[in-house]
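The lines below spell out each chain.
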Amino acid sequence: TNLVKNLTDNIPYVHLAIINTKNDCIIAGHPDACANVLKQLPESASFKQLPYGLIIHCPEFLAIEKEWYQIHHRKTYANNRVNIYSTASGQIYQPS
């Protein structure tokens, strides 16, 4: 993670977005900038490019933070036809 942090601090348009463990992290940003970071990692490093272009753990997100909050804090309604699972517990729950 320290190597990735050093690289993302010095390469524009890419950020160290999430640190899961000292050996597991997520970078986000412009595809070319991300590729620049990845090519500087040791050959033993593994990575996976995610197939979507949405990042929310980066400074660029602040431009739409208010709208994102409003979308995700709207009133919800019970739906007994579909099970909804918590990513935290893996259990079915009813939105409130």
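My aim in this report is to walk through the structure given alongside it, one point at a time. Just so it is clear, the model here is predicted, and its values are computed rather than measured. (Residues numbered from 1 in each chain as written. Predicted model: local features only at pLDDT ≥ 70, side-chain atom pairs only at ≥ 80, totals over all residues. Heavy atoms only, no water.)

### Observations regarding the packing of aromatic side chains
(1) Moving on: All told, the structure shown has one aromatic pair when counted by the stated rule.
(2) Moving on: Relative to Trp68, the ring of Phe61 has its centre 5.8 Å away and its plane inclined at 85°; by these criteria the two rings are edge-to-face. (Phe/Tyr/Trp six-rings, centres within 6.5 Å; stacked < 30°, edge-to-face > 60°.)

### Considerations on a nonpolar patch on the surface
(1) Moving on: On the surface, Leu50, Tyr52, Leu54 and Ile56 cluster together into a nonpolar patch covering about 380 Å² of accessible area.
(2) Moving on: With respect to the element layout, Leu50 can be found in the loop between α2 (31–39) and α3 (65–72).
(3) Moving on: Classification of Leu50 by relative accessible area gives partly exposed; the value is 41%. (Patch = residues over 30% accessible without salt bridge, like charges linked within 9 Å, V, L, I, M, F, W, Y side chains within 5 Å. Areas by Shrake-Rupley, 256 points an atom, 1.4 Å probe, with all protein chains shown as cover. Salt bridge = Lys/Arg side-chain N within 4 Å of Asp/Glu carboxyl O. Helix = DSSP H or I, 4+ residues; strand = E, 2+ residues; numbered from the N terminus. Buried < 20%, exposed > 50% of the residue type's maximum accessible area, 1.4 Å probe, protein only.)

### Focus: the side chain of Ser86
(1) Moving on: Tracing the backbone through its elements, the reader meets Ser86 in the segment after α3.
(2) Moving on: Engagement of the side chain of Ser86 in a polar contact is seen with the backbone nitrogen of Ser89, the distance being 3.2 Å. (Polar contact = N/O pair within 3.5 Å; in protein donor to acceptor, adjacent residues only side chain to side chain.)

### With respect to helix α1 (residues 2–10)
(1) Moving on: Looking at α1, one finds that the buried residues are Val4, Leu7 and Thr8. End-on, the buried residues of α1 take up no more than an arc of 95°, which puts them together on one face. For α1, the exposed residues lying more than 90 degrees away from the buried face are Asn2 and Asn10.
(2) Moving on: Tucked inside the fold, the buried residues of α1 contact β1 (14–21), β2 (24–29) and α2. (Arc of directions from axis to C-beta. Contact = heavy atoms within 4.5 Å.)

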